[in-house]
Amino acid sequence: MAEQMRLDKFFSSQSLASRKETAKLVRQGRVLVNGVPAKAADQKITPGCDRVSLDGEELSFQKHVYLMLHKPAGVVSATQDGRYPTVLDLVPPELFRRGLFPAGRLDRDTEGFVLLTDDGEFAHDILSPRRHVPKEYEAVLDAPVGDAEVEAFAGGMTLESGEVCKPAGLCVLPQGDGRMVRVTLVEGKYHQIKRMFGALGRKVEYLKRTKIGGLPLDENLPKGSCKALSSREVSAIIKHI
């Protein structure tokens, strides 16, 4: 049997309105449940079964939330930290939901796409090396690379620690005199890209994650900002699973 919830909790869970604001909307007669004006903000509904509308527009229920964050350097991919700001500190109140966490980490000095969600099963799926969900990065190196480095990445490198990496993509970009590259990984070992280039005698001077699965970082999303993902955008990530 589907679980019931209070109408005001429904609105707050979908980042539509606070509980206090929901009560005001109900008093104004702007909220309908199955075509009938809601009686009170604490009225019980069954999300996904009962039809809830606001100002004549029917509202869909999203059990989980998925956010795209454009992480700047200096922010840690954690739910809390005693020294540095975290990715959760960048989530505005209207998008925040209890249980949010970063699905995968970026180093503190690395920028780019961090996925925030409260869906543990989804996060496990996109992070599991067995699922082969690709993540793309752009990097600037201290010295040029060429065919030899591309072949080393494609062959599955062995790090100085003895860890063996899965085959990875390395593309030298036309700009940057061989120092700007795109890397595609299907796993996420600790400092993996920096360690892979380190094993080849190169240092990563700048690193940015630009894509998870089939979903690229929104070019119009400023650093430090985040946005809610549509079901179509979430599907673009998981189509690789």
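Residues numbered from 1 in each chain as written. Predicted model: local features only at pLDDT ≥ 70, side-chain atom pairs only at ≥ 80, totals over all residues. Heavy atoms only, no water.

**Student:** Describe the side chain of Ser77, listing the residues and the values that go with them.
**Tutor:** Secondary-structure assignment places Ser77 in the loop between strand S7 (66-71) and strand S8 (101-102). Excluding residues within four positions of it along the chain, Ser77 makes contact with Lys71, Val87, Pro102, Gly104, Arg105, Leu106 and Val114. (Helix = DSSP H or I, 4+ residues; strand = E, 2+ residues; numbered from the N terminus. Contact = heavy atoms within 4.5 Å.)

**Student:** I'd like a description of the pattern of salt bridges, backed by residues and values.
**Tutor:** Between side chains of opposite charge, a pair can form when the charged atoms approach closely. Under the criterion given, the structure shown has 12 salt bridges. Salt-bridge contacts for Arg179 lead to Glu205; the nearest nitrogen and oxygen are separated by 2.9 Å. One end of the pair, Arg179, is in the loop between strand S11 (169-172) and strand S12 (180-185); the other, Glu205, is in strand S13 (residues 204-212), with 26 residues separating them in the sequence. In this structure Arg179 comes out as partly exposed when scored by relative accessible area, which is 28%. Among the ionic pairs, Lys189 bridges to Glu187, the shortest N-O distance being 3.7 Å. (Salt bridge = Lys/Arg side-chain N within 4 Å of Asp/Glu carboxyl O. Buried < 20%, exposed > 50% of the residue type's maximum accessible area, 1.4 Å probe, protein only.)

**Student:** Give me the side chain of Thr110: which residues, what numbers.
**Tutor:** Of note, Thr110 is situated in the loop between S8 and strand S9 (111-117). Among residues more than four places away in sequence, those in contact with Thr110 are Lys71, Pro72, Lys194, Leu207 and Lys208.

**Student:** Now, about unusual backbone geometry: what can you tell me, with residues and values included?
**Tutor:** Leave glycine aside and you will find that most residues have negative phi; peptide bonds, for their part, are mostly trans. Positive phi outside glycine occurs at Asn34, with the angle close to 55°. Despite not being glycine, Asp177 shows a phi value in the positive range, around 55°. Its place among the elements puts Asp177 in the loop between S11 and S12. Since its relative accessible area comes to 73%, Asp177 is described here as exposed.

**Student:** Can you lay out the packing of aromatic side chains for me, pointing to particular residues and giving the numbers?
**Tutor:** Per the counting criterion, the structure on display carries four aromatic pairs. Relative to Phe11, the ring of Phe10 has its centre 5.8 Å away and its plane inclined at 70°; by these criteria the two rings are edge-to-face. Judged by relative accessible area, which is 0%, Phe11 ranks as buried. Taking 5.1 Å as the distance between ring centres and 70° as the angle between the ring planes, the aromatic pair formed by Tyr66 and Phe122 counts as edge-to-face. Of this pair, Tyr66 sits in strand S7 while Phe122 sits in helix H3 (residues 120-127), and the two are 56 residues apart along the sequence. One exposure class covers both Tyr66 and Phe122, and it is buried. Following the ring pairs from residue to residue traces out a cluster consisting of Phe10, Phe11 and Phe61. Lying across the ring of Tyr84, Arg108 places its NZ or CZ 4.0 Å from the centre. (Phe/Tyr/Trp six-rings, centres within 6.5 Å; stacked < 30°, edge-to-face > 60°. Lys NZ or Arg CZ within 6 Å of the ring centre and 35° of its normal.)

Nothing here speaks to function; it is geometry throughout.
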